[in-house]
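# What the coordinates show
Below are the chains, spelled out letter by letter.
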Amino acid sequence: MKDGETADKKVAEGQHPTPMLDELEGGNWPSFVTGLKRLRDSKGERYAPMMNDLLGQLEHSYEEQMGFWKGGTLSVFGYGGGIIPRFSEVADQYPESKEFHTLRVMPPPGFHYTTEVLRKMCDIWERHGSGLIAFHGQSGDIMFQGCTSEATQAAFDELNELGFDLGGAGPALRTAMSCVGQARCEQSCYDEGKAHRRVINKFLDEMHRPALPYKFKFKFSGCGNDCVNAIHRADFAVIGTWRDDIKIDQEKVKEHVANVGRKYTIDTVVNMCPTRAISLNDDDTLEIDNKSCVRCMHCINVMTKALSPGDDRGASILIGGKRALKVGDMMGIMIKPFIKLETEEDWEELEDFAEACIEFFADNALEHERIGETIDRVGLPAFLEAVGVEADPNMVNHPRTSCYVRTDDFDEEAAKWFERKALDAGMTVASE
Amino acid sequence: MSEVKETPREAIESGVPDHLQYMHPMLKRNLGKWAWHERPRHGVLRHVTKDGEDVFTVRAGTQRQMDVYTIRKLCDIADEYGDGHVRFTTRSNIEFIVEDQAKVDPLIEELQANGFPVGGTGASVSMISHTQGWLHCDIPGTDASGVVKSMMDMLHEEFVNENMPNRVRITTSCCQINCGGQGDIAINVQYTKPPKINHDLVANVCERPAVVARCPVAAIRPAIVDGKPSLEVDEKKCVCCGACYPPCPPMQINGKESTKIAIWVGGKHSNARSKPTFHKLAVANLPNNPPHWPEVADVVKKIITAYKEDAQHWERMGEWIERIGWNRFFDLTGLAFTKHHLDTWTGARKTLNMSAHVRF
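What comes next concerns the included structure. (Residues numbered from 1 in each chain as written. Chains lettered and ligands numbered in written order. Predicted model: local features only at pLDDT ≥ 70, side-chain atom pairs only at ≥ 80, totals over all residues. Heavy atoms only, no water.)

## With respect to the packing of aromatic side chains
All names here are of chain B. By the definition in use, this model includes 23 aromatic pairs over all chains. Between Trp134 and Trp293, the ring centres sit 6.4 Å apart and the planes meet at 35 degrees, which makes this aromatic pair tilted. One end of the pair, Trp134, is in helix α4 (residues 133-136); the other, Trp293, is in the loop between β14 (280-287) and α8 (294-310), with 159 residues separating them in the sequence. Owing to a relative accessible area of 1%, Trp134 belongs among the buried residues under this scheme. Taking the centre distance of 5.8 Å and the plane angle of 65 degrees together, the rings of Tyr307 and Trp320 count as edge-to-face. (Phe/Tyr/Trp six-rings, centres within 6.5 Å; stacked < 30°, edge-to-face > 60°. Helix = DSSP H or I, 4+ residues; strand = E, 2+ residues; numbered from the N terminus. Buried < 20%, exposed > 50% of the residue type's maximum accessible area, 1.4 Å probe, protein only.)

## Re the sheet that holds strand β8 (residues 177-178) of chain A
In spatial order, the strands read β8-β9-β10-β15-β16 (chain A); together these five strands make up an open sheet with mixed pairing. The open sheet has two edge strands, β8 and β16 (333-339) of chain A, and neither has a second partner. (Pairing = 2+ DSSP bridges.)

## With respect to the nonpolar core
All names here are of chain A. Formed by 182 residues in total, the largest nonpolar core has its most connected members in Leu103, Phe218 and Phe236. Residue contacts for Phe236: discarding those within four places in its chain leaves Phe216, Lys217, Phe218, Lys219, Ile317, Leu318, Ile319, Leu350, Phe353, Ala354 and Cys357. By size, the runner-up hydrophobic cluster in this structure holds 24 residues, among which are Cys189, Val253, Val270 and Ala306. (Core = buried A, V, L, I, M, F, W, Y, C linked by side-chain atoms within 4.5 Å. Contact = heavy atoms within 4.5 Å.)

## Thoughts on the state of the cysteines
Taken as a whole and judged by the stated rule, the model has one disulfide over all chains. Between Cys206(B) and Cys248(B) runs a disulfide, and the two sulfur atoms are separated by 2.1 Å. Disulfide Cys206(B)-Cys248(B): torsion about the S-S bond near 75 degrees, hence right-handed. Placement of the pair is Cys206(B) in the loop between α6 (199-205) and α7 (208-214) and Cys248(B) in the loop between β11 (228-233) and β12 (251-252), with a sequence separation of 42 residues. You can call Cys206(B) buried: its relative accessible area is 7%. Here Cys179(A) stays unpaired: no disulfide links it, and the sulfur of Cys227(A), its closest cysteine neighbor, is 6.1 Å away. Cys293(A) provides the cysteine sulfur closest to Cys299(A), a residue in no disulfide bond, and the two sulfurs are 6.4 Å apart. (Disulfide = S-S within 2.5 Å.)

## Structural notes on the interface of chain B and chain A
Across the boundary between the two partners, chain B contributes 116 residues, which contact 121 residues of chain A. Counting each side, the surface lost to burial between chain B and chain A is near 10,500 Å², with a carbon and sulfur contribution of 57%. When the buried surface of chain B facing chain A is broken down by residue, Arg9(B), Val16(B) and His136(B) rank first, second and third, together holding 7% of it. In this assembly, chain B and chain A are joined by 12 salt bridges. Two residues, Arg72(B) and Asp123(A), come together in a salt bridge whose shortest N-O distance is 2.9 Å. Taken together, the connections running from chain B to chain A amount to 72 residue pairs in polar contact (both at pLDDT 80 or more). It is helix α2 (residues 68-81) of chain B that provides the largest number of residues to the side of chain B that touches chain A, a total of nine residues. Considering only residue class, the side of chain B that touches chain A consists of 46 nonpolar, 46 polar and 24 charged. Sheet topology places strand β5 (residues 112-114) of chain A next to strand β5 (residues 85-88) of chain B; three bridges connect them, and they run antiparallel. Note on β5(B): the bridge partner recorded for Thr114(A) is His85(B). (Buried area = accessible area lost by both parts, 1.4 Å probe. Salt bridge = Lys/Arg side-chain N within 4 Å of Asp/Glu carboxyl O. Polar contact = N/O pair within 3.5 Å; in protein donor to acceptor, adjacent residues only side chain to side chain. Nonpolar A, V, L, I, M, F, W, Y, C, P; charged D, E, K, R; others polar.)

## Overview of the side chain of Asp226(A)
In this structure, Asp226(A) sits in the loop between β9 (218-221) and α8 (230-233). Despite its burial, Asp226(A) remains without a salt bridge, the nearest opposite charge being carried by Lys219(A) at 8.9 Å. A polar atom in the side chain of Asp226(A) sits 3.0 Å from the backbone nitrogen of Ile231(A). Non-local contacts of Asp226(A), meaning those with residues more than four positions away in its chain, are made with Ser221(A), Ile231(A), Ile239(A), His269(B) and Asn271(B). (Lys, Arg positive; Asp, Glu negative; His and termini not counted.)

The following block contains the structure:
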């Protein structure tokens, strides 16, 4: 692959040839290689030689089909996490990028920025880092990539003064994400940004001084469309939902049917309802069986003008989502079918439940075990008892099919169920 | 290593910053007051408040790994057309918030003139979720940025248009930990050989009991090799997942010969219609072939084409396959169904067809 050196691309004095990476400068999608080269070619900038060697090492990876970074230990004063250290294994060939650490920095909820703050971040990262920033990592962090060990503290200090704080790494509470939500979405069922900030900021100690068995992630989506992928990716997923009826503007339904046709409406709305809860009336209005509706969002997604979530909005909480290590991918399971998130008391209840889950995790998980795995190991009833939640049919696809269970206290448990039902009914009446 | 200063600065543990200070004032003013939205053209959303005010969002693709020049260019564009505010989506697209409809088309032209594709809305192929790869990861089997760039170059037309049956979410992961997550199509590293162990280093680098505990199939055990405490792998049990590699770098799992790419289909995050699903194996053992990964691109293209031609509106990839059946999926894509598609992991039985339902 060294042929590239003699190809039409001219290599300046001291620059590493990058024939394979050069091929990623064509095409219609913005090129990260072109960006890396802009940094390399920034005359007089202190990071230019670093980026030359970074490009050299990356080209070396493309040739050898191997990565050449190793981890290490690095943090800023007072913190035990948030920096991802990277030391080059081929530093003898690429000495200027021998240290290329990442600062994980927590984003604002919904990823909103002013250009003023983005420009300040750029300036800081030119002073202390490589000039390479990712918006955002898979956990939601702004990733300031490419810092020497020596410059790490100064880079953090300036970002911290700007109003930003390090995110999570290692066995700790991790950086969270939330969708655009209330800021620009009619499907939002709670204040995602408030939930995001209240929960994470309450447990910062668990983020900055890692002491959990393994990682613990929160994600906040305003509805079942789950735009931040919470059910798959978060130990604690907060998903917006509602308890009352879907709101229907029947005139807008008629307009929709008139625009797209009756057959298309039946094919794409009625037939795609997962619980067969919708029918199209003869006069082109919709009828919804709200008791059967599972709040999946499909019909609302299709008919954005005619349908919307009800007024009694709140959230569901699912626990235990994670990626493949080590037992295979897991999704969160429904633990709290509905919580309100309006009054100060509601918000405190969310924080308390989050705390109960983190405590359960800290006390019961084995090293390198995620909470979903812990729940699988101890059984859902034990988890529910630990965090003070009663069993609910919304937690299951169907009741157990295995008879291997001891049921001699079934009557007492059934009595609790009927007591709860009576209490719920009484409270509903009282609040009306 | 950093010098210890006499009076180190105490961090301000400010946590998650207040987003309202960065939010476009129109959005801030209308928090929670939205009524409905529509997509007037590809790449553009129009949201309307209950009071009848409206705002336009223009979405554009980025390379995610951005140099400061790219970020400042996007800021210049936002200052001119978007009142100095932007936001990013989960998939690293950038959004400009525009109150004045007259600015929408000029903004789009400006973005396109600067090489930022406008799209990623509705039934399009949006930006690929993106991990770190050779650029920054300590355990990568492949690159992320290069794979994403190659695939998005190929899929550019599908990003800027809305010609798919429903949205298509593609993910990449540079190792089997799968940081890229679940996708309609997932392009993931799949290792094919047990780790190569450097026995000279294991005792000094690895906490051996932790490594033994990390193996999902209990294939690792402590051993004395050449008189040194090390670890050995029962290669008949080993599933080549690479779980031992992060806690024990001398157990090298990635390599030119052993690192392959597998493609998975039918993952879905949303709860719309069907419940969220995991992606399923479509094909394994594709070569890890930088800088363009043509064999991977070829398969992705085949799957996207079959889905585009055959799925019904609003069906996601997995829902389409659920309807037509896996026979037909493998026929339409020209891919092979093998014994490796039969799950053997915990819960595998639930993935098998326990009925007389068959398709011909």
